[in-house]
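Below, each chain spelled out in residue letters.
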Amino acid sequence: MHAGYRRMFSPDALTVGIFLPLRFYQGDMTVLSGQADLVTRIDRLGFAAVWVRDVPLFDPNFGDAGQVFDPFTYLAFLAAGTRRVALATGSAIFTLRHPIDLAKAATTIDQLSGGRLVLGIASGDRPVEFPAYGIDHDGRGKRFAETVACFRQLMQGGRLDIRSSLGEMRNVELLPKPVSGAIPLIVTGSSRQSLEWVGRHADGWLTYPGPTYTGAGPQRLAEKIRAWRALIPDGGFRPHMSNEWIELVDNPNYPRTPMNGGFILKTGRKGLIDLLQEWKAAGVNHAALGIQFSSRPAAEIIQELAEEVLPLFPSHEGPEPANADW
C-alpha cells in the first residue's frame, strides 16, 4: 500500500494539505526564506500533504510564477526534512517532458521519501511553454495520454519492450522502482481527455471547485464527481481532490467572500470549516489549501489550521513510510 496515497485518501473522508509557495513570488526570492522549516512544521502538525506546482517558464502575462523551484528537485529536498506528509505535485506537466525523465525523477523521489510521492499530472495550460519545448500545443492531449501509458509501463519489473511515438525502448529496465510498485497518478481536470478516459486511467481526479462562497458550487461539484465515479470500470474507490486559495482572516466568523473575481476566498475559520464539510458531502477526499495570498503570517495560519481545522478532518493513519536512510 502506498504510504502517501493512504495518508491522503479514504472513502467518505476528507483530509487537508497545503499548497506551496507559502508566499506569492513577486520578483523577490526572499519571500521563500524559511519555507522549508515551515514545511517540516506542517509535517509534524499532521497535515496530509504538501503540494508543489510545475511552472517551467514564468510568463508575466500569465501573472503567476508558481512555486518557482523545479517541482521534482524541490520535493527531493523537502523529503529530507519531513517524515510522514505526502509529497504531491499539482500538477506535473506530463506533455512537456519525456516519460523516461518523468519516471526517473518520480521513482527517485519516491525512494528518497520512503514512498510518499503522489503525482498530480496535467497536459499544460500555458501556451508559451509549448513552442519553447518544440512541442505542438494542439497535440498535447494525444501526447499526454501516450506519456501516461509509457510512464506506467516503465514502472513494471523486468526488461522492457516499449514502442510509441515518444520513442523505442528494447531490453532495458528503469531503476529505481517505486517503493510500493507504482506511483499514483492524479489527473488534473480533463487534461484534454474524455471523462471516460479519466475514469479508466486515473488513480484519482483533481478539479477546480467552482464557486466556493455559496453552497451552489459544492452542489455542482458533487454532480461532477458522481458522473466521474460512475465511469470507473471496477466501481472501486478513486479519490477526488480540489483546491482553493484562501485569505484566512483573524475573525473566525468572517463570511465566505470572493476576492479577485472569485480567484481567492476570504473567510474566517468557521466559513472554511463549512466549505470543507460541504466538499466532504460532495465526495471530495482531499482539500489542498493555498495561503500565499493571505496577509497574515504563514506560520500563524498554519497553526490555526492545525488547531482548529485538522481535528475535524484528520489525516489517515496507514502504513509507515519505508525506511529511507539513503
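Owing to the predicted nature of the structure, the values given are computational and were not obtained by experimental measurement.

Asker: Can you explain the layout of surface pockets? Please cite residues and give values.
Answerer: Looking at the largest pocket, its volume works out to about 730 Å³. Arg53, Asp125, Thr188, Tyr208 and Asn243 are, among the 35 residues lining the largest pocket, the residues nearest its centre. Of all the secondary structure elements, the ones that give two or more residues to the lining of the largest pocket are strand S3 (86-93), strand S9 (240-248) and strand S11 (264-267). In the lining of the largest pocket, the residues fall into 15 nonpolar, 12 polar and 8 charged.

Asker: Outline empty space enclosed by the protein, listing residues and values.
Answerer: Using the criterion set out here, one finds 1 cavity of 30 Å³ or more in the structure. Looking at the largest cavity, its volume works out to about 50 Å³. Ala3, Arg6, Arg7, Arg84, His316, Glu317, Gly318, Pro319 and Pro321 are the residues that line the largest cavity. The residue makeup of the lining of the largest cavity, split by class, is 3 nonpolar, 2 polar and 4 charged.

Asker: Talk me through the packing of aromatic side chains; I want residue IDs and the actual numbers.
Answerer: All chains considered together, the criterion is met by 11 aromatic pairs. Ring centres 5.5 Å apart and planes at 35 degrees place the aromatic pair Phe19 and Trp51 in the tilted group. Of the two residues, Phe19 is situated in strand S1 (residues 15-19) and Trp51 in strand S2 (residues 49-52); the sequence distance between them amounts to 32 residues. Just as Phe19 is buried, Trp51 falls in that class too. Plain terms: the ring middles of Phe94 and Phe151 are 5.3 Å apart, the flat faces sit at 50 degrees to each other, and that makes the pair tilted.

How each quantity is defined
Residues numbered from 1 in each chain as written. Predicted model: local features only at pLDDT ≥ 70, side-chain atom pairs only at ≥ 80, totals over all residues. Heavy atoms only, no water. 1 Å grid on protein atoms, 1.4 Å probe; cavity = no way out; pocket = protein on both sides within 12 Å on 5 of 7 lines; lining within 4 Å. Points joined across faces, edges and corners; volume = space filled by probe spheres on them. Helix = DSSP H or I, 4+ residues; strand = E, 2+ residues; numbered from the N terminus. Nonpolar A, V, L, I, M, F, W, Y, C, P; charged D, E, K, R; others polar. Phe/Tyr/Trp six-rings, centres within 6.5 Å; stacked < 30°, edge-to-face > 60°. Buried < 20%, exposed > 50% of the residue type's maximum accessible area, 1.4 Å probe, protein only.

Any functional reading would require information beyond the geometric quantities listed.
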